[in-house]
Amino acid sequence: MSVQETETEVILTHPDNKATTVKILKYGATVYSWTLAGQEQLWLSTAAHMDGSKPVRGGIPLVFPVFGKNETDELLSKLPQHGLARNSTWEFLGQTKSNPPTIQFGLNKNIANPEMTKLWSEEFNLILTIELGADFLKTAIEIENPSTSKDLKFNWLFHTYLRIPDIEDTMISNLVGMKVHDKLLQEAFIDKHPVIQFHQETDVVYEKVTEERVVQVVRQGHPLHTVKRDNLPDVVVWNPWTEKSGNMADFEPKSGFKEMVCIEPGYVTDFVTLQPGKKWNASQILSKDKLKYQAIQ
Ligand SMILES: O=P(O)(O)OC[C@H]1O[C@H](O)[C@H](O)[C@@H](O)[C@@H]1O
């Protein structure tokens, strides 16, 4: 049975390998586990709220319609950090393909978290498609503006928590030469470092990274994860390190920052402005590719 649904979640199992699975909580349509041949690829806090009481700390939370906390936009500034997609219960729409197993979830204003839609009352239709390949996981989003008169203005981001053995000997490649906004230093510059390494809290947004750049998480010369993007020009790299993870009640174990890194493909430097009746599509593909060190174009 490649698709199992319960009241709160959906589980996909790959037909060629029962140990290749993906588990999605209907709350936030949050992928919280992806195993490849029995190996978990995502990080999930042991204190993550799995009961819909708050966004899941780990897996792939969905960020819409705003990344971060907006202070300037009249409508978006009313929403909490990262918006309403990750704290609304999505509708399971069913299976669209049996191999690779592919399913869809939907969210719109009528079923979204009412605490949120009373703050931000724009019309929207979201369809999330999750495809479990034999050696990849694809998450794709389609955003429709059903309004007949108003533009829809939004950010989108996949807030992906990747599992790693040890942050201190992990590096991120193929972002060299890109403009980066360091949210902690509050400054922007061209990153000339050949790779990103981690020695402290890291919270950076690589802007307009060409899609040819495959972001790789590399340890001791071996690529642990490869992230490919379609229509998601920005890449956030985040690790909370000791103090920040110490201050997050739902981040456990406190040493967990050593075993995770967030690589977050998104459209966050600017807003998408979607005209009435139009649709916008984007996706990420997580896979285990061979090492691919890309020169600066
Ligand atoms: O705690 P959350 O609302 O899930 O946000 C967790 C993190 O998300 C992104 O990575 C942001 O760049 C960080 O600034 C933020 O701390």
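Residues numbered from 1 in each chain as written. Predicted model: local features only at pLDDT ≥ 70, side-chain atom pairs only at ≥ 80, totals over all residues. Heavy atoms only, no water.

Regarding the UniProt feature "binding site: substrate" (unreviewed entry) in the protein chain
Item 1. The feature "binding site: substrate" (unreviewed entry), as annotated in UniProt, sits at Arg57, Gln81 and Arg86 in this numbering. A compact arrangement is adopted by the annotated residues: their sequence extent is 30 residues, whereas the largest C-alpha distance between any two is 13.7 Å. Of the annotated set named above, Arg57, Gln81 and Arg86 line the second largest pocket.
Item 2. Topologically, arginine 57 is positioned in the loop between β5 (39–40) and β6 (62–63).
Item 3. Given a relative accessible area of 15%, arginine 57 falls into the buried group.
Item 4. Discounting residues that sit within four places of it in the chain, arginine 57 has contacts with Trp43, Leu44, Ser45, Ala48, Tyr161, Trp238, Met248, Asp250 and Phe251. (UniProt positions renumbered as here; feature names shortened; annotations may be inferred. 1 Å grid on protein atoms, 1.4 Å probe; cavity = no way out; pocket = protein on both sides within 12 Å on 5 of 7 lines; lining within 4 Å. Helix = DSSP H or I, 4+ residues; strand = E, 2+ residues; numbered from the N terminus. Buried < 20%, exposed > 50% of the residue type's maximum accessible area, 1.4 Å probe, protein only. Contact = heavy atoms within 4.5 Å.)

Some remarks on unusual backbone geometry
Item 1. Cis geometry is found at the peptide bond from asparagine 99 to proline 100, where omega equals 0°.
Item 2. Take proline 100: it is sitting in the loop between β7 (91–98) and β8 (101–108).
Item 3. Phi is positive for glutamine 220, which is not a glycine, with a value near 50°.
Item 4. Residue position: glutamine 220 is located in the loop between β18 (215–219) and β19 (222–230).
Item 5. In this model, asparagine 231 sits at a positive phi of 65°, which is unusual for a non-glycine residue.
Item 6. Structurally, asparagine 231 can be placed in the loop between β19 and β20 (234–239).
Item 7. Looking at asparagine 231, the relative accessible area reads 26%, which means it is partly exposed.

A few points about the sheet that holds strand β9 (residues 125–132)
Item 1. Spatially, the nine strands line up as an open sheet ordered β7-β8-β9-β10-β22-β19-β18-β13-β16, and their pairing is antiparallel. In the strand order of this sheet, the two ends are held by β7 and β16 (195–196), each with one partner.
Item 2. Here strand β13 (residues 170–173) runs beside β16; their pairing, made up of two bridges, is antiparallel. Within β16, the residue paired with serine 173 across the bridge is valine 195. (Pairing = 2+ DSSP bridges.)

Focus: the confidence of the model for the protein chain
Item 1. The pLDDT averaged across the protein chain works out to 97; a share of 100% of its residues lies at or above 70.
Item 2. Both scores are available for the predicted complex, with the pTM at 0.98 and the ipTM at 0.98. (pLDDT = per-residue confidence, 0-100.)

Some details on the sheet that holds strand β2 (residues 9–14)
Item 1. Strand order in the open sheet formed by five strands is β1-β2-β3-β4-β5, and the pairing between neighbours is antiparallel. The strands lining the two open edges of the sheet, one partner per strand, are β1 (3–5) and β5.
Item 2. With five bridges joining them, strand β3 (residues 17–25) and strand β4 (residues 30–36) adopt antiparallel strand pairing. Bridge pairing in β4 places lysine 23 opposite serine 33.

What about the UniProt feature "active site" (unreviewed entry) in the protein chain?
Item 1. Mapped onto this structure's residue numbering, the UniProt feature "active site" (unreviewed entry) falls at His159 and Glu264. Across 106 residues of sequence, these annotated residues stay compact in space, with a maximum C-alpha separation of 4.8 Å. Checked against the lining of the second largest pocket, the annotated residues just named reduce to His159 and Glu264.
Item 2. Secondary-structure assignment places histidine 159 in the loop between β11 (152–158) and β12 (160–163).
Item 3. The class for histidine 159 is buried, based on a relative accessible area of 6%.
Item 4. Other than its neighbours up to four places away in sequence, histidine 159 contacts Gly59, Ile60, Pro61, Val63, His82, Trp238, Cys262 and Glu264.
Item 5. Structurally, the position occupied by glutamate 264 is in strand β21 (residues 260–274).
Item 6. With near-sequence residues (within four places) excluded, glutamate 264 lies in contact with Phe67, Leu157, Phe158, His159, Thr160, Asp234, Val235, Val236 and Trp238.

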